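As a plain string of letters, each chain reads:
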Amino acid sequence: MAAITASMVAELRAKTDAPMMECKKALTEADGDMGKAEEILRVKLGNKATKAAARITAEGLVAISISPDGKLGSIIEVNCETDFVAKNDEFIALTKACADLVATHNPADVAALAELPCGEGTVESTRTALVGKIGENMSVRRFVRVEAQGKLVSYIHGGSKIAVLLDLVGGDEQLGKDLAMHIAASKPKALNAEGVPAELLDTERRIAIEKARADNKPEAMLEKIAEGTVQKYLKDVTLLAQVFVKAEDGKQTVEQLLKAKGASVAGFTLYVVGEGLEKRTNDFAAEVAAQAAAAAKN
């Protein structure tokens, strides 16, 4: 049996907002497995325990580069330690330059991007020099390069914290803008059901069954309940099945909107800065105390 520490309980509570004792019980039941403990809390407490999935946990910027004809583009995320640096003009320029380089040079990965020419040297030498100048670490986290089937449309929101790159086939500029804004607001995980990872569906099915058992539902009904839960989940997380945010009747799905406009979506990429990363926290009182203790010792 794994030892359940106070820090583990605190971490799970921060992720789920569940009561302290419930977190400790879940960790004990999961033998210290944080992911399993979150599932246990979801069974007991419902979707309240999923809020961590959308929490923004690091600083930085997203940038997009699109060719004049809208046929080639890129989206990139570059991280730094504080929001103060994310607003620095040189950091902004580096992020935009990297987006342009991805679009024009098609690097295979972050390492290949680092070797491309930038400023008076390479991306890596420029990054290193900026780190030395500002005194804060920064890194390229991820990027995607897209050769469009239709025409690329972009949308950036929240001070370059959320970015969408959409490949729209047919339709017009306003439709593309509306759909990109919809994606930024609704945050679909995939275009349709085929794009949703099987492990996510398995998790939803497993949680639904355990929750139904906790509610004393008949065993014969569990699979049907689970399937209904999965279908509802797919409507929530797939772009085509989502209700369009600007639907006048509150019912029209994105798929229905596209059909009415004679258009389709070939694909999209959504980046949210820091998604899934742990944010650095500064305890200034502790820092001052540590500095005072060091000074006294010296």
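Residues numbered from 1 in each chain as written. Predicted model: local features only at pLDDT ≥ 70, side-chain atom pairs only at ≥ 80, totals over all residues. Heavy atoms only, no water.

**Here's the deal with the overall build of the protein**
1) Next: Helices and strands together make up the secondary structure of the protein, namely 12 helices and 8 strands.
2) Next: For the protein, the residues scored as buried account for 39% of the 298 residues in total.
3) Next: Excluding contacts between residues fewer than 6 apart, the proportion of contacts in the protein whose partners are at least 24 apart in sequence is 64%. (Helix = DSSP H or I, 4+ residues; strand = E, 2+ residues; numbered from the N terminus. Buried < 20%, exposed > 50% of the residue type's maximum accessible area, 1.4 Å probe, protein only. Contact = heavy atoms within 4.5 Å.)

**A word on unusual backbone geometry**
Peptide bonds are trans in most cases, and residues, glycine excluded, mostly fall at negative phi.
1) Next: Its identity is not glycine, yet N106 carries a phi of approximately 55°, on the positive side.
2) Next: Along the chain, N106 falls in the loop between α5 (89-105) and α6 (110-114).
3) Next: Its identity as a non-glycine residue notwithstanding, S160 has a phi of 65°, on the positive side.
4) Next: If you trace the backbone, S160 turns up in the loop between β6 (151-157) and β7 (162-169).

**Side note on the nonpolar core**
1) Next: Membership of the largest hydrophobic core comes to 23 residues, with the highest contact counts inside it found for L166, L168, L179 and L258.
2) Next: Of all the elements in the fold, those that place two or more residues in this core are β6, β7, α8 (173-186), α11 (254-261) and β8 (264-272).
3) Next: Counting residues per element, this core draws most heavily on α8, at 5 residues.
4) Next: Residue contacts for L258: discarding those within four places in its chain leaves L168, L175, L179, L240, A263, S264 and V265.
5) Next: Counting 22 residues, the second-largest nonpolar core is a separate cluster that includes C80, C98, V123 and M138. (Core = buried A, V, L, I, M, F, W, Y, C linked by side-chain atoms within 4.5 Å.)

**With respect to the sheet that holds strand β2 (residues 72-80)**
1) Next: Pairing in this open sheet of 3 strands is antiparallel, and the strands run β1-β2-β5 from one edge to the other. Edge strands, defined here as strands with exactly one partner in the open sheet, are β1 (59-66) and β5 (138-147). In this sheet, adjacent strand axes meet at a mean angle of 15° when their direction is disregarded.
2) Next: Here 8 bridges tie β1 to β2, and the two strands are oriented antiparallel to one another. In the sheet register, E59 faces β2, and the bridge partner there is C80.
3) Next: In the packing of α5 onto the sheet, the strands contacted are β1, β2 and β5, and the crossing angle to β1 comes to about 40°. (Pairing = 2+ DSSP bridges. Axes fitted to C-alpha atoms, helices over the stretch in contact; angles between N-to-C directions.)

**Topic: the packing of α8 against α11**
1) Next: Direction vectors running N to C along α8 and α11 enclose 175°, while the axes themselves pass 12 Å from each other. Classified by the angle their axes make, α8 and α11 are roughly antiparallel. Listed contacts from α11 to L175, L179 and H182 of α8 are V254, L257, L258 and K261.
2) Next: Among the residues forming the contact of α8 with α11, the class breakdown is 5 nonpolar, 1 polar and 1 charged. (Parallel < 35°, antiparallel > 145°, perpendicular 65-115°, else oblique. Nonpolar A, V, L, I, M, F, W, Y, C, P; charged D, E, K, R; others polar.)

**Focus on the packing of α5 against helix α7 (residues 123-134)**
1) Next: Relative orientation of the contacting elements α5 and α7 amounts to 165°, with a least axis distance of 11 Å. Compared by their axis directions, α5 and α7 come out roughly antiparallel. In this structure, α5 crosses over α7, and the sense of that crossing is left-handed. Across the interface between the two elements, E90, F91, L94, C98 and L101 from α5 touch V123, T126, R127, L130 and K133 from α7.
2) Next: Classifying every residue of the contact of α5 with α7 gives 6 nonpolar, 1 polar and 3 charged. (Left-handed = near helix turned anticlockwise from the far one by under 90°.)

**Concerning helix α9 (residues 198-214)**
1) Next: Along its 17 residues, α9 runs 24 Å from first to last C-alpha, staying within 8% of the 24 Å computed at 1.5 Å per residue.
2) Next: The set of residues buried in α9 consists of L201, T203, E204, I207, A208, I209 and A212.
3) Next: Positive phi shows up at N216, right after α9, with a value of about 65°. (Expected span 1.5 Å × (residues − 1).)

**What to know about the pairing of β1**
1) Next: Counted residue by residue, β1 has 7 buried out of 8 residues, so it is predominantly covered.
2) Next: Joining the antiparallel neighbours β1 and β2 is a turn of 5 residues, in which G70 adopts a positive phi near 75°.

**A few points about the sheet that holds β8**
1) Next: Taken in spatial order, the 3 strands line up as β6-β7-β8 in an open sheet, and their pairing is antiparallel. Whereas interior strands pair on both sides, the edge strands pair on one side only; in this sheet they are β6 and β8. Mean inter-strand twist for the sheet, computed between neighbouring axes without regard to direction, equals 15°.
2) Next: Bridge count for β7 against β8 is 8 bridges, and the pairing is antiparallel. Residue pairing across strands places L166 opposite F268, the latter belonging to β8.
3) Next: Against the sheet, α8 contacts β6, β7 and β8, and its axis sits at roughly 140° relative to β7.

Nothing here speaks to function; it is geometry throughout.
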